[in-house]
Amino acid sequence: MISMKKNTRKVILALCIAGCLGFIWTNSVMPGHISSEFSSYAGKIIKMIFGESLVVSETIIRKLAHCCEFGVFGLILSLFFYEKLADRLPLVGFFGLGAAVLDETIQLFSDGRSSQIKDVWIDFSGFTAGTLFIFIIYLLDKEVKGKHGRL
């Protein structure tokens, strides 16, 4: 019974990983003018929430979007490897960096888009933040289970 729950959880997380990467890479395939329209729309929503006095450039919106997308990817991938996350961190990091490099590579072939090394680092920083969040929970969970026996 536990194995079936674990397998179901793994399948759901694998589908979430595929969906997240699909979302990220689909956005990277979009031509520059369409991506710009999405960023402009997001800027309007942000101004509605935080007020017109907030000045946020389209560039900042794009960078934050990439950082957040990769943060979610880091969360989901870390949850996929949760049981042995400490042992799998190098593998998780490799997947995160590889996805960021591939994302920027896709943009090389998208009309009106460009690729920059600093964007790989922005993507990977978001990924690292998501992974770190889950890793802290993992460490706390391990400590609680260690103090109170296996729960």
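Here, the structure is the one placed above.
In this text, all values refer to a predicted model and were calculated from it rather than measured experimentally. (Residues numbered from 1 in each chain as written. Predicted model: local features only at pLDDT ≥ 70, side-chain atom pairs only at ≥ 80, totals over all residues. Heavy atoms only, no water.)

J.: Outline the overall build of the protein chain, listing residues and values.
T.: Each helix and strand counted, the protein chain has five helices and zero strands in total. Order of helices (α) and strands (β) in the protein chain, N terminus to C terminus: α-α-α-α-α. Taken over the C-alpha atoms alone, the protein chain extends approximately 55 × 35 × 30 Å along its principal axes. A burial count over the protein chain gives 30% of its 151 residues as buried. Within the protein chain, contacts between residues separated by at least 24 positions form 72% of all contacts whose residues are at least 6 apart in sequence. (Helix = DSSP H or I, 4+ residues; strand = E, 2+ residues; numbered from the N terminus. Buried < 20%, exposed > 50% of the residue type's maximum accessible area, 1.4 Å probe, protein only. Contact = heavy atoms within 4.5 Å.)

J.: How would you sum up the packing of helix α3 (residues 58-80) against helix α4 (residues 85-108)? Please name residues and give values.
T.: Running from N to C, α3 and α4 cross one another at 145°; their axes reach a closest spacing of 10 Å. Both α3 and α4 take part in a crossing whose hand is right-handed. The segment α3 lies against α4, with His66, Phe70, Phe73, Leu77 and Ser78 engaging Leu85, Val92, Phe95, Gly96, Ala99, Ala100, Asp103, Glu104 and Gln107. Looking at side-chain class alone, the contact of α3 with α4 contains eight nonpolar, four polar and two charged residues. (Axes fitted to C-alpha atoms, helices over the stretch in contact; angles between N-to-C directions. Left-handed = near helix turned anticlockwise from the far one by under 90°. Nonpolar A, V, L, I, M, F, W, Y, C, P; charged D, E, K, R; others polar.)

J.: Outline a nonpolar patch on the surface, listing residues and values.
T.: Taken together, the side chains of Tyr41, Ile45, Met48, Ile49, Phe50 and Leu54 make up a nonpolar region of the molecular surface, amounting to roughly 690 Å² of accessible area. Using a relative accessible area of 69% as the deciding quantity, one classes Met48 as exposed. (Patch = residues over 30% accessible without salt bridge, like charges linked within 9 Å, V, L, I, M, F, W, Y side chains within 5 Å. Areas by Shrake-Rupley, 256 points an atom, 1.4 Å probe, with all protein chains shown as cover. Salt bridge = Lys/Arg side-chain N within 4 Å of Asp/Glu carboxyl O.)

J.: Any chance you could break down the side chain of Ser35 for me, citing the residues and the numbers?
T.: Inspection of the secondary structure assignment puts Ser35 in helix α2 (residues 32-50). Once residues within four sequence positions are removed from consideration, Ser35 is found in contact with Arg62 and Arg113.

J.: Explain the nonpolar core to me, and be specific about the residues and the numbers.
T.: One finds Ile17, Phe70, Phe73, Leu77, Leu85, Val92 and Phe127 to be the most contacted residues of the largest nonpolar core, which totals 21 residues. Those elements that provide at least two residues to this core are α1 (2-29), α3, α4 and α5 (117-147). With six residues, the top contributor of residues to this core is α5. If we ignore the near neighbours within four places in the chain, the residues touching Ile17 are Phe73, Ile76, Leu77 and Phe80. (Core = buried A, V, L, I, M, F, W, Y, C linked by side-chain atoms within 4.5 Å.)

J.: How would you summarise the side chain of Arg113 if you had to cite specific residues and measurements?
T.: Relative to the helices and strands, Arg113 resides in the loop between α4 and α5. Of the side chains with opposite charge, Asp103 lies nearest to the buried Arg113, which makes no salt bridge, at 6.5 Å. (Lys, Arg positive; Asp, Glu negative; His and termini not counted.)

J.: Which residues make up the environment of Arg62, and what values do they have?
T.: Relative to the elements of secondary structure, Arg62 occurs in helix α3. Its relative accessible area of 23% is what places Arg62 among the partly exposed residues. With 78 residues separating them in the primary sequence, Arg62 and Leu140 have C-alpha atoms 33 Å apart. In contact with Arg62, not counting residues within four places along its chain, are Gly32, Ser35, Ser36, Ser39 and Arg113.

J.: An account of the packing of aromatic side chains is needed here, citing residue identities and associated values.
T.: Tallying each qualifying case throughout the model produces eight aromatic pairs. When the ring of Phe94 is compared with that of Phe95, the centres are 6.3 Å apart and the planes differ by 55°; the resulting orientation is tilted. Accessibility expressed as a relative area gives 37% for Phe95, which makes it partly exposed. Across the ring face of Phe80, the terminal group of Lys10 is positioned such that the distance to the ring centre comes to 4.2 Å. (Phe/Tyr/Trp six-rings, centres within 6.5 Å; stacked < 30°, edge-to-face > 60°. Lys NZ or Arg CZ within 6 Å of the ring centre and 35° of its normal.)

J.: Give a detailed account of α2, specifying residues and quantitative values.
T.: For α2, built from 19 residues, the straight-helix expectation of 27 Å at 1.5 Å per residue is met to within 8% by its first-to-last C-alpha distance of 26 Å. In this structure, the buried side of α2 is in contact with α3. One or two residues past the end of α2 sits Gly51, with phi positive at roughly 100°. (Expected span 1.5 Å × (residues − 1).)

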